[in-house]
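In case you want the letters, here they are:
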Amino acid sequence: MKALLIVANFKSNKNLSEAKNWLDEFSTVSNERKKIENKKIIVCPPFTLLFFFKSYIEKKGLPIELGAQNISRLPGGAYTGEINGSQIKDFADYVIVGHSERRGSFGEDESVVEEKIKMSIDYNLNPIFCTQSDGEKIPKEVSIVAYEPVFSIGTGNPDTPENAENIAKKIKEESEVSSVLYGGSVTPENVSRFTSMENISGVLVGHASLNPSEFLEIVLNA
Ligand code: PGA
């Protein structure tokens with residue numbers, strides 16, 4: 001059975017009490033050891049919740065790893081509002097880089113994305129590099145790529161598993177990448193159609209990850 005990565009991207013959602021409710025409900029994942037044997041669950045909450053998530057996960061021994069949704073392209077210093085790699089590493093082992101929302105709404109171009117990948121590696125964080133198609137230059141340090149076509153993000157209109165599989169295959173052929181995830185309108189109903197594809201090693205889930213029971217279903221169905 002191949003190993004799968006199931007990643008939750010909360011985006012700019014949830015305050016502390018909502019995060020506690022999410023964790024209280026998602027904790028039942030611990031009763032499903034058999035069904036999650038080959039699955040790595042990675043949750044990427046906003047920065048403000050990383051400390052709480054880490055403490056809660058450690059206290060309850062939950063099978064969840066943590067990621068950040070962004071990283072400063074700069075090291076620590078006089079950069080108001082930025083969160084640097086060393087600060088993230090206190091809590092997380094992964095970081096999402098190059099998400100289309102950051103490229104589109106925050107002007108992150110290829111060179112910024114490259115700097116952020118470099119920072120992730122410098123601080124021993126595993127970057128989850130988001131791309132919208134095949135053919136994009138993938139920095140050689142990257143081992144996890146998420147293929148997320150823009151027309152599928154938050155639209156309820158996922159790509160076809162066959163097309164996602166073709167793109168995943170091409171990405172692997174053209175780079176050193178070991179895992180390609182699919183992201184964009186993943187649901188409990190469609191997840192297994194993606195994860196059963198030979199070259200797809202998991203999913204990146206936005207909207208459906210906000211509901212703990214829906215996300216748990218995604219994990220179990222994957
Ligand atoms: P979605 O988002 O699951 O809400 O489509 C995916 C993503 O943006 O990573």
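Everything here concerns the structure above.
Below is a short write-up of the structure. This structure is a prediction, so every number in the text was calculated from the model and none was measured.

## Some points on the packing of aromatic side chains
Here comes step 1: In the structure shown here, the tally under the stated rule is 10 aromatic pairs.
Here comes step 2: When the ring of Tyr182 is compared with that of Phe194, the centres are 4.1 Å apart and the planes differ by 5°; the resulting orientation is stacked. With a gap of 12 residues between them, Tyr182 in strand 7 (residues 179-183) and Phe194 in helix 7 (residues 191-195) connect regions that are remote in the sequence. Side by side, Tyr182 and Phe194 carry an identical accessibility label, which is buried.
Here comes step 3: Directly above the ring of Phe10 sits Lys14, whose terminal nitrogen or CZ lies 5.7 Å from the centroid.
Here comes step 4: Between the NZ or CZ atom of Arg102 and the centre of the ring of Phe106, over which it lies, the distance is 4.2 Å.

## A word on the site of the ligand
Here comes step 1: Taken together, 13 residues are adjacent to the ligand, and Lys11, His99, Glu148, Gly154 and Ser185 come closest.
Here comes step 2: A distance of 2.7 Å separates an oxygen atom of the ligand from a polar atom in the side chain of Glu148.
Here comes step 3: In this structure, the ligand is accommodated by the second largest pocket.

## Details of the nonpolar core
Nonpolar side chains tend toward joint burial in soluble globular proteins.
Here comes step 1: Ranked by size, the top nonpolar core spans 56 residues in total, and within it Phe26, Val43, Phe53 and Phe215 carry the most contacts.
Here comes step 2: Leave out the neighbours within four places in its chain, and Val43 touches Ala8, Phe10, Trp22, Phe53, Ile64, Glu65, Leu66 and Gly67.
Here comes step 3: Ile42, Ile128, Cys130 and Ala146 belong to the second-largest nonpolar core, a separate cluster that totals 12 residues.

## Considering helix 8 (residues 212-221)
Here comes step 1: Along helix 8, the residues classified as buried are Pro212, Phe215, Leu216, Ile218 and Val219. What you see down the axis of helix 8 is that its buried residues fit within an arc of 155°, all on one side.
Here comes step 2: Lining the buried residues of helix 8 we find strand 1 (4-9), helix 1 (16-26), strand 2 (39-44), helix 7 and strand 8 (202-205).

## Remarks on the pattern of salt bridges
Here comes step 1: Applying the stated criterion to the full structure yields 15 salt bridges.
Here comes step 2: The closest approach of N and O atoms between Asp24 and Lys20, which form a salt bridge, is 2.8 Å. Of the two residues, Asp24 and Lys20 both sit in helix 1, four residues apart, roughly one turn of that helix.
Here comes step 3: Classification of Lys20 by relative accessible area gives partly exposed; the value is 40%.
Here comes step 4: Lys89 serves as the salt-bridge partner of Asp93, at 2.8 Å between the closest nitrogen and oxygen.
Here comes step 5: In this structure Asp93 comes out as partly exposed when scored by relative accessible area, which is 38%.
Here comes step 6: Because the salt bridges share partners, they merge into one network encompassing Arg102, Glu108 and Lys116.

So, how was this worked out
- Residues numbered from 1 in each chain as written.
- Predicted model: local features only at pLDDT ≥ 70, side-chain atom pairs only at ≥ 80, totals over all residues.
- Heavy atoms only, no water.
- Phe/Tyr/Trp six-rings, centres within 6.5 Å; stacked < 30°, edge-to-face > 60°.
- Helix = DSSP H or I, 4+ residues; strand = E, 2+ residues; numbered from the N terminus.
- Buried < 20%, exposed > 50% of the residue type's maximum accessible area, 1.4 Å probe, protein only.
- Lys NZ or Arg CZ within 6 Å of the ring centre and 35° of its normal.
- Near = heavy atom within 4 Å.
- Polar contact = N/O pair within 3.5 Å; in protein donor to acceptor, adjacent residues only side chain to side chain.
- 1 Å grid on protein atoms, 1.4 Å probe; cavity = no way out; pocket = protein on both sides within 12 Å on 5 of 7 lines; lining within 4 Å.
- Sits in = over half its atoms within 2 Å of the grid points.
- Core = buried A, V, L, I, M, F, W, Y, C linked by side-chain atoms within 4.5 Å.
- Contact = heavy atoms within 4.5 Å.
- Arc of directions from axis to C-beta.
- Salt bridge = Lys/Arg side-chain N within 4 Å of Asp/Glu carboxyl O.

Worth remembering: the numbers are spatial, not functional.
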